[in-house]
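Report on the structure
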Amino acid sequence: MAVDEASTPDSRRVLHITTPLRARGLQCDIEFGLSAYIVRVSLPDDSYLIIGPPQEPSSERPPGDPEGWIATREHPDDPSLFEVLYDSAPSDDPGAPQRPEARHGGSAQPLIEAINHRLAKLGLLPHPVLPGESPHVHSAQPTPPPQAQGVPGTPDDAPIYVYGDALRALTDRLNGAESHADAAALLHQILEPTDGLLTQLGEFFEAAGEKAKEAEEDDGFDLSYDLADAAAEIRNLGEVLHVAEDRMRALTPLASAPRLPSSPARTPSLPPRVLPPAQPRHTR
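For clarity, every value in this text was computed on a predicted model and none was experimentally measured. (Residues numbered from 1 in each chain as written. Predicted model: local features only at pLDDT ≥ 70, side-chain atom pairs only at ≥ 80, totals over all residues. Heavy atoms only, no water.)

**Description of the pairing of strand β2 (residues 37-42)**
Here is the rule we go by: The pairing criterion is simple: DSSP has to find at least two bridges between the two strands. Strands are runs of DSSP state E lasting at least 2 residues, helices are runs of H or I lasting at least 4, and numbering of each runs from the N terminus.
Bridge count for strand β1 (residues 27-32) against β2 is six bridges, and the pairing is antiparallel. Considered in β2, the bridge of glutamate 31 is made with isoleucine 38. Counting the residues that bridge the hairpin from β1 to β2 gives four residues. Two strands pair when backbone bridges link them, and β2 and strand β3 (residues 48-52) are joined in this way by four bridges, in the antiparallel orientation.

This is how it looks when you write it as structure tokens:
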């Protein structure tokens, strides 16, 4: 059963899977599997990928952050076409050999990299990975998800906020983090001084300021100054929060206070002391 991501919080937690794939021009649909949400990815040769956590037994971990991911490629008209592209789920059989990717657990980035690598090898990426480019982010306009097409009043080329969706997915994961260490790892994505979001956002505004200077209008220079100021403020924010990740990791979860044994109320052994009324002061 297909699910509307815009209205289902749990399905939005797989945006960190669908966003980079849609940036490659792949159509992704969210469906509910046997016990958890899965991502169905349509491929140009009419085959498709199924990406999701292990379905049986069902996991108690929050949606979007499972123990591991399994990605398979299948074809509706060719049962012989079946391959496992990625499997980082822990094995139920302690004697069975673990796949190499099992060490990544529920991390999404190695999953996306493995899928990109395999699909590129098969020639099934509409927007292939370019040399020197990050394999999980593409600068081209992503293909709109199915629910954005055919909506009354929405043009076919309506913008898809892929970066906002990715950050929203990160926020959802933070809300569902089971420990302060997990929350610190998510903070790292924002505050890492080289590749973190704040640093790259500062670079973005600085580049936008340089672009504004290319205009003939005088306002181009004024705008460039405003954008440069914004870049400086963002970098300053990163400096202020540079230890927030370590501070988050060092926190201890709140523990409920132990309940004291109840005891009957004790009657005071002495009556309360009554102070004498104040005497008026005489002045000479």
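Structure's up, so let's keep going.
**Observations concerning the side chain of serine 88**
The condition that has to hold: Relative accessibility decides the category of a residue: with a 1.4 Å probe and only protein chains considered, values under 20% of the type maximum give buried, values over 50% give exposed, and everything between is partly exposed. Pairs of N or O atoms within 3.5 Å make up the polar contacts considered here, provided that, within protein, one atom can donate a hydrogen while the other can accept it, and that residues adjacent in sequence are counted only when both atoms are side-chain atoms. Residues are treated as being in contact if the distance between any of their heavy atoms lies within 4.5 Å.
Examined against the element boundaries, serine 88 turns out to sit in the loop between β5 (82-87) and α3 (108-122). When its relative accessible area of 1% is taken as the criterion, serine 88 is described as buried. Among the polar contacts made by the side chain of serine 88, one reaches the main-chain amide nitrogen of tryptophan 69 at a distance of 2.9 Å. In this structure the side chain of serine 88 is engaged in a polar contact, spanning 2.6 Å, whose partner is the backbone oxygen of glycine 105. Those residues within four positions of serine 88 in sequence are excluded, and the remaining contacts are Glu67, Gly68, Trp69, Glu101, Ala102 and Gly105.

**Quick word on a negative patch on the surface**
Threshold: Each patch groups residues whose relative accessible area exceeds 30% and which form no salt bridge, using 9 Å between like charges and 5 Å between nonpolar side chains of Val, Leu, Ile, Met, Phe, Trp and Tyr. Residue burial considers only the protein chains on display, and all accessible areas are found by Shrake-Rupley using a 1.4 Å probe. Between Lys or Arg on one side and Asp or Glu on the other, a salt bridge is scored when a side-chain nitrogen of the former is within 4 Å of a carboxyl oxygen of the latter. Residues scored as charged are limited to Lys and Arg (positive) and Asp and Glu (negative), so that His and the chain ends carry no count. The atom standing in for a charge is NZ when the residue is Lys, CZ when it is Arg, CG when it is Asp and CD when it is Glu.
Negative charge collects at one region of the surface, where Glu216, Glu217, Asp218, Asp219, Asp222, Asp226, Asp229 and Glu233 lie side by side. Checked against the element boundaries, aspartate 222 lands in helix α7 (residues 219-240).

**Looking at α3**
Applicable threshold: The span you would expect from a helix comes to 1.5 Å times its residue count less one.
Look at α3: 21 Å from first C-alpha to last across 15 residues, which is about the 21 Å you get at 1.5 Å a residue. Ala108, Pro110, Leu111, Ile112, Ile115, Asn116 and Leu119 are the residues of α3 that are buried. Close packing links the buried residues of α3 with α2 (15-22), β3, β4 (70-74) and β5. Of the residues trailing α3, glycine 123 is marked for its positive phi of about 70°.

**A short note on the pattern of salt bridges**
Within this structure, the stated rule accounts for eleven salt bridges. As a salt-bridge pair, arginine 168 and aspartate 165 come within 2.6 Å of each other at their nearest N and O atoms. Taken as a pair, arginine 168 and aspartate 165 lie in helix α4 (residues 162-175) at a separation of three residues, close to a single helical turn. Notably, a salt bridge pairs glutamate 214 with lysine 211, separated by 3.3 Å at the nearest N-O pair. Here lysine 211 falls in the exposed class, since its relative accessible area comes to 52%.

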